[in-house]
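Residues per chain are reported as follows:
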Amino acid sequence: MTIHARVVRFHEIGGPDVLKIEEVRLDPLGPGEVRVRIDAIGLNRAEALFRAGTYYYQPTLPGSRLGVEAAGTVEEVGREVAGFAPGDAVSVISDQEMSHHGLYADRVHVPAQSLLPRPATVDAITGAALWTTYLTAYGALVEVGRVNPGDGVVITAASSGVGLAAIQLVNHLGAVPIAVTRTDAKSARLLRAGAAHVLAANQGDLAGRVHAITGGQGARVVFDAVGGPALSDLAQTVAADGLLIVYGWLDPRPAPLPMNWPITVHGFNVDLITSDPARMTRARAFIEAGLRAGTLKPVIDRTFELANIVEAHRHLESNAQTGKIVVTVQH
Ligand SMILES: NC(=O)c1ccc[n+]([C@@H]2O[C@H](COP(=O)([O-])OP(=O)(O)OC[C@H]3O[C@@H](n4cnc5c(N)ncnc54)[C@H](OP(=O)(O)O)[C@@H]3O)[C@@H](O)[C@H]2O)c1
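Residues numbered from 1 in each chain as written. Predicted model: local features only at pLDDT ≥ 70, side-chain atom pairs only at ≥ 80, totals over all residues. Heavy atoms only, no water.

Trainee: An account of the overall build of the protein chain is needed here, citing residue identities and associated values.
Mentor: Looking only at helices and strands, the protein chain has 11 helices and 15 strands in total. Compactness check: the protein chain gives a C-alpha radius of gyration of 20 Å against a globular reference of 20 Å for 331 residues, within 12% of the reference. Summarising its shape, the C-alpha atoms of the protein chain cover approximately 70 × 40 × 30 Å along the three principal directions. Put simply, the protein chain has 331 residues, and 53% of those count as buried. In the protein chain, of all internal contacts separated by at least 6 residues, the share reaching a separation of at least 24 is 66%. Surface summary for the protein chain: the accessible area is close to 14,300 Å², and the carbon and sulfur share equals 53%. (Helix = DSSP H or I, 4+ residues; strand = E, 2+ residues; numbered from the N terminus. Rg over C-alpha atoms; globule rule 2.2 N^0.38 Å. Buried < 20%, exposed > 50% of the residue type's maximum accessible area, 1.4 Å probe, protein only. Contact = heavy atoms within 4.5 Å. Areas by Shrake-Rupley, 256 points an atom, 1.4 Å probe, with all protein chains shown as cover.)

Spelled out as structure tokens, the structure:
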């Protein structure tokens, strides 16, 4: 039987308008592969960068796909697949390159290793919104940062998907989340989301304000998605012998090396977790326990239908969001 999928592809780099929904024929399932009917797709900033040609690797054109996380239901399993069967509810997280394996589609073939079981209590929208954000926050703050109860933790781009996951995770650990956001427009929302303190970056003297909050010491861990020229000022918020974890470059301009030593600067990538089975097992146990306890709960900013993918990407780039943008798929 021939199976077709609706897939989001782009044939040139550019703005959201380059995204097209096209019908493609799926190849037969290979060994170790699973066909998933996608019900929801979690959007990440990295995908807007990839579409625009400013990510750390370039799309293969024409016909590049997009996307790394989704949720849905298993439709068919290939040979040599164990542990999943048709009808299983799953989340999908892909570490494959996006041009050929992107998940913006209504049906995908993925390696079984990309699947995580989705409990009945986790609907598709939640299941598509949680893994990239919490794995990133967990990996940086628990595995690398070893955040302890009482630690002050500065979180920039606090209203981003990862930023909100980090606020919840820092609270879960009994530490103190200090949210940094560009202006005070989202301050009330960030306090409601669990930030102990919210600092608007455009009000200046970030280091002075963080030192005042932390009893003059500075933050033991700073978790930064922004980079750019402000990195050296941000580094001044780090306590002596503390840790500056940089995991994104929302500001694409060059970032100076911080000179307030001794601090450690760590360039974090979530692959550190997803490529290591032992770390991944620990991460899953931590995140699933937090979801059950209700201390970790994905914040969904807004949903769009797949047909409105261009609009969804415009919203992704607007920086007006607080939390995750999810695309739902009608079948
Ligand atoms: N290394 C990894 O493994 C990894 C994993 C996941 C994500 N990331 C990276 O983490 C970053 C966040 O990803 P996401 O998907 O969570 O983002 P997102 O939800 O799209 O984040 C949007 C928010 O980022 C802030 N922001 C945007 N542009 C900014 C700028 N030029 N300067 C300062 N703040 C800016 C704004 O927050 P405010 O309104 O609060 O200022 C905006 O609402 C991206 O750079 C992404 O590539 C890295």
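Additional details are given in the paragraphs that follow.
Trainee: Give me the lowdown on the packing of aromatic side chains, citing residues and values where you can.
Mentor: In the structure shown here, the tally under the stated rule is nine aromatic pairs. Each ring, one from Phe50 and one from Tyr55, has its centre 6.3 Å from the other, and the planes form 90 degrees; the classification is edge-to-face. For Phe50, a relative accessible area of 0% puts it in the buried group. Seen in terms of ring centroids, Tyr56 and Tyr57 are 5.2 Å apart; in terms of plane orientation they differ by 65 degrees. Their pairing is edge-to-face. Taken together, the ring pairs in this structure connect Phe10, Phe50, Tyr55, Tyr56, Tyr57 and Trp249 into an aromatic cluster. (Phe/Tyr/Trp six-rings, centres within 6.5 Å; stacked < 30°, edge-to-face > 60°.)

Trainee: Talk me through the site of the ligand; I want residue IDs and the actual numbers.
Mentor: What surrounds the ligand is a group of 24 residues, the closest being Ser159, Thr181, Arg182, Lys186 and Val270. The separation between an oxygen atom of the ligand and a polar main-chain atom of Gly161 is 3.0 Å. In isolation the ligand offers 940 Å² of accessible surface; the protein chains occlude 89% of this area. Of the residues contributing to the shell around the ligand, the split by class is 11 nonpolar, 10 polar and three charged. Domain assignment of the residues forming the shell around the ligand places at least three in each of domain 1 (3–118 + 299–328) and domain 2 (132–271). (Near = heavy atom within 4 Å. Polar contact = N/O pair within 3.5 Å; in protein donor to acceptor, adjacent residues only side chain to side chain. Nonpolar A, V, L, I, M, F, W, Y, C, P; charged D, E, K, R; others polar. Domains from an automatic or database assignment.)

Trainee: Could you give an account of a nonpolar patch on the surface, naming the residues involved and the relevant values?
Mentor: Taken together, the side chains of Leu257, Met259 and Trp261 present a nonpolar region at the surface, about 430 Å² in accessible area. The residue Trp261 is located in the loop between β12 (238–246) and β13 (264–267) in this model. What makes Trp261 exposed here is its relative accessible area of 62%. (Patch = residues over 30% accessible without salt bridge, like charges linked within 9 Å, V, L, I, M, F, W, Y side chains within 5 Å. Salt bridge = Lys/Arg side-chain N within 4 Å of Asp/Glu carboxyl O.)

Trainee: Outline the sheet that holds strand β11 (residues 219–224), listing residues and values.
Mentor: Strand order in the open sheet formed by six strands is β10-β9-β8-β11-β12-β13, with parallel pairing between adjacent strands. Among the strands making up the open sheet, the edge pair consists of β10 (197–200) and β13. On average, each strand axis in the sheet is inclined to that of its neighbour by 20 degrees, with strand direction left out of account. As judged from the three bridges shared by strand β8 (residues 152–155) and β11, these two strands associate in the parallel manner. Opposite Val154, over in β11, you have Val222 as the bridge partner. Sheet strands in contact with helix α4 (residues 131–144) are β8, β11, β12 and β13, and its direction is about 155 degrees off that of β11. (Pairing = 2+ DSSP bridges. Axes fitted to C-alpha atoms, helices over the stretch in contact; angles between N-to-C directions.)

Trainee: Run through the pairing of strand β9 (residues 176–181), naming residues and quoting values.
Mentor: Buried residues dominate β9, accounting for five of its six residues. Two strands pair when backbone bridges link them, and β8 and β9 are joined in this way by four bridges, in the parallel orientation. Directly across from Val153, in β9, lies its bridge partner Pro177. Crossover β8 to β9 through helix α5 (residues 161–172) is right-handed. As judged from the four bridges shared by β9 and β10, these two strands associate in the parallel manner. Each bridged residue has a counterpart across the sheet, and for Ala179 the counterpart in β10 is Val198. For the crossover from β9 across helix α6 (residues 187–192) to β10, the handedness is right-handed. (Right-handed = clockwise from strand over helix to strand, strands pointing away.)

Trainee: Explain helix α10 (residues 277–293) residue by residue, including any values.
Mentor: The terminal C-alpha atoms of α10, which comprises 17 residues, lie 24 Å apart, in line with the 24 Å expected from a rise of 1.5 Å per residue. Three or more residues of α10 are buried, namely Met280, Ala283, Phe286, Ile287 and Gly290. The buried residues of α10 occupy an angular sector of 130 degrees when the element is viewed end-on, so they sit on one face. When the buried face of α10 is taken as reference, the exposed residues oriented beyond 90 degrees from it are Pro277, Thr281, Arg292 and Ala293. As for α10, its buried residues are in contact with β5 (89–93), β7 (115–117), α4, α5 and α9 (271–274). The N-terminus of α10 is capped by Asp276, whose side-chain oxygen sits 2.9 Å from the backbone nitrogen of Ala278. Remark: Gly294 follows α10 within two positions and exhibits a positive phi of approximately 85 degrees. (Expected span 1.5 Å × (residues − 1). Arc of directions from axis to C-beta.)

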